[in-house]
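# Overview (structure and organization)
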Amino acid sequence: MDIDEDTIDLRSDTVTAPSAEMREAAATAEVGDDVYRDDPTVNELERRAAEAVGAEAALYVPSGTMANQIAVHVHTEPGEELLLERESHIYRWELAGAAKLSGAQTRTVDAGERCVPTPEEVREGLVSEDLHRPGTGLLSLENTHNYRGGVAVPVEGIAAAADVARDAGVPVHLDGARLFNAAVALGVDASAIVDPVDSVTFCLSKGLGAPVGSVLAGDEGFIEEARRVRKLFGGGMRQAGMIAAPGLLALENVDRLAEDHANAERLAAGLDALDGVNAPAPDTNIVVAHSDEAEIPAADLVEACKAAGVGCVEFDEHTTRFTTHLDVHADDVEEAVDRIGDAVAALSA
Ligand SMILES: *Cc1c(COP(=O)(O)O)cnc(C)c1O
């Protein structure tokens, strides 16, 4: 999609442009060869990122997908099972990377609106190794849950699921691409969400506004192995301080996520008021709008919104996703609702 200047781009929170401060920080960053661990800016980012989630250590990686796939590779042996939620990003949107890169067999649990499996569902999903079965190598959870509409899963839900796996000797990974959105929405420190799990991914390049990069965090032994796997996957970077410097500034954008959540709430209310459209009140910055009642396919709505000057993405046959972010202001939300209203009216006519 070629975005013109007047478009209100709600396709994703990845579309933000780096601020003037971020560009300045990139230009003036102290750098070194990060594969030799010589880049002071990356080292500082990894230290601060670990601290932000209450982990021992952290690793800077090019993308959230790579962070997740490294975690799967470190935690599992080829042929072992990876237990995860049916609509999780790792299962749905990572090109079967767990199978291709790590030889993992996936087993899914449908957690529905809860987004996290119950302890009972985890228990049923775990497989013990025997003559016929490979054993479960990893349980992976997601917070916020992207596909189900940026749902902030309560700390207790994550902890209850994680405890069952860990009691069975199975490590737990959390895909927290939008971990800080969850923390802000739940009013807790990110470390409280991460505490029950063994490793966590979070993205600097989403709501936090950095141009590039994600973080994988865990204990020191895990991160040491993760560093080798990052190299294996082609993610060893050299003077990466250039992109890590904006990432350091991004860590300061946590509290303002509340503005994105408020904007998303108003956007959802505006869309929900349109004839034939249902848009539940969101927990965080992702609004999913269902247009089945209006009998408007999401693909058509995306096209019509684009023509009306709003960027959004198709999620399912009649489900469209709109995401607020740091380049979307309160008055953009009013304008977006008007434009989407026009698009819906035109399609319903
Ligand atoms: C965006 C996202 C990822 C992947 O991040 P990329 O940086 O786009 O690779 C992983 N998990 C979830 C839940 C996401 O929303």
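Basis of the calculations
Residues numbered from 1 in each chain as written. Predicted model: local features only at pLDDT ≥ 70, side-chain atom pairs only at ≥ 80, totals over all residues. Heavy atoms only, no water. UniProt positions renumbered as here; feature names shortened; annotations may be inferred. Pairing = 2+ DSSP bridges. Helix = DSSP H or I, 4+ residues; strand = E, 2+ residues; numbered from the N terminus. Axes fitted to C-alpha atoms, helices over the stretch in contact; angles between N-to-C directions. Contact = heavy atoms within 4.5 Å. Near = heavy atom within 4 Å. Polar contact = N/O pair within 3.5 Å; in protein donor to acceptor, adjacent residues only side chain to side chain. Areas by Shrake-Rupley, 256 points an atom, 1.4 Å probe, with all protein chains shown as cover. Nonpolar A, V, L, I, M, F, W, Y, C, P; charged D, E, K, R; others polar. Left-handed = near helix turned anticlockwise from the far one by under 90°. Patch = residues over 30% accessible without salt bridge, like charges linked within 9 Å, V, L, I, M, F, W, Y side chains within 5 Å. Salt bridge = Lys/Arg side-chain N within 4 Å of Asp/Glu carboxyl O. Lys, Arg positive; Asp, Glu negative; His and termini not counted. Charge placed at Lys NZ, Arg CZ, Asp CG, Glu CD. Buried < 20%, exposed > 50% of the residue type's maximum accessible area, 1.4 Å probe, protein only.

Under an unreviewed UniProt entry, the protein chain has the name Threonine aldolase family protein and belongs to Halorubrum rutilum. Looking at the protein chain in UniProt, the text filed under Sequence similarities (unreviewed entry) is "Belongs to the threonine aldolase family." Quoted straight from UniProt, the Cofactor (unreviewed entry) entry for the protein chain says "pyridoxal 5'-phosphate".

## Observations regarding the sheet that holds strand 3 (residues 81-85)
Taken together, the seven strands give an open sheet; going across it, the order is 2-8-7-6-5-3-4, and neighbouring strands pair in mixed fashion. Of all strands in the sheet, those bounded by a partner on one side alone are strand 2 (57-61) and strand 4 (105-109). The average angle at which neighbouring strand axes cross in this sheet is 20°, direction not considered. Pairing between strand 3 and strand 5 (residues 136-142): four bridges, direction parallel. Bridging across to strand 5, Leu82 finds its partner in Leu138. Against the sheet, helix 3 (residues 64-75) contacts strand 2, strand 3, strand 5, strand 6 (172-175), strand 7 (199-203) and strand 8 (214-218), and its axis sits at roughly 170° relative to strand 7.

## Some remarks on the site of the ligand
Every one of the 13 residues lining the ligand counts as a neighbour, but Gly64, Thr65, Asp175, Arg178 and Lys206 are closest to it. A distance of 2.6 Å separates a nitrogen atom of the ligand from a polar atom in the side chain of Asp175. Between the ligand and Lys206 there is a distance of 2.9 Å, counted from an oxygen atom to a side-chain nitrogen or oxygen. Protein chains bury 85% of the 380 Å² of accessible surface belonging to the ligand in isolation. Among the elements that take part in the shell around the ligand, helix 3 stands out by supplying three residues, more than any other. Considering only residue class, the shell around the ligand consists of two nonpolar, six polar and five charged.

## Some remarks on the environment of Leu82
Structurally, the position occupied by Leu82 is in strand 3. Sequence-wise, Leu82 and Asp292 are 210 residues apart; in three dimensions their C-alpha atoms are separated by 33 Å. Those residues in contact with Leu82, other than ones at most four positions away along the chain, are Val72, Ile90, Ala98, Ala104, Gln105, Thr106, Arg107, Leu138 and Ser140.

## Brief notes about the sheet that holds strand 9 (residues 286-290)
Read from one edge of the open sheet, three strands run 9-12-11, paired in antiparallel fashion. Two strands in the sheet have a free side with no partner beyond their single neighbour: strand 9 and strand 11 (313-316). Neighbour-to-neighbour, the strand axes of this sheet turn through a mean angle of 35°, independent of strand direction. In the sheet, strand 11 pairs with strand 12 (residues 319-323) via three bridges, with the strands oriented antiparallel. If you follow Val313 over to strand 12, its bridge partner there is Arg321.

## Overview of the UniProt feature "domain: Aromatic amino acid beta-eliminating lyase/threonine aldolase" (unreviewed entry) in the protein chain
When the UniProt feature table is mapped onto this chain numbering, "domain: Aromatic amino acid beta-eliminating lyase/threonine aldolase" (unreviewed entry) sits at residues 9-292. The span residues 9-292 is 41% helical and 15% strand by assignment, and the distance between its end C-alpha atoms comes to 23 Å.

## Points about the UniProt feature "modified residue: N6-(pyridoxal phosphate)lysine" (unreviewed entry) in the protein chain
As recorded in UniProt, the sites labelled "modified residue: N6-(pyridoxal phosphate)lysine" (unreviewed entry) are Lys206. Here Lys206 shows up in the loop between strand 7 and strand 8. Setting aside residues no more than four positions away along its own chain, Lys206 makes contact with Asp13, Thr14, Thr16, Ala177 and Arg178.

## Quick notes on the packing of helix 2 (residues 40-53) against helix 11 (residues 241-250)
At a minimum axis separation of 8 Å, helix 2 and helix 11 run at an interaxial angle of 35°. Here helix 2 runs over helix 11; the crossing is left-handed. Here helix 2 contributes Thr41, Val42, Glu44, Leu45 and Arg48 to the contact with helix 11, which in turn contributes Gly241, Ala244, Ala245, Gly247 and Leu248. Looking at the contact of helix 2 with helix 11 residue by residue, the class counts come to five nonpolar, three polar and two charged.

## Comments concerning a negative patch on the surface
A surface patch of like charges, here negative, comprises Glu56, Asp219, Glu220, Glu224 and Glu225. On the basis of relative accessibility, which here comes to 45%, the residue Glu225 falls in the partly exposed class.

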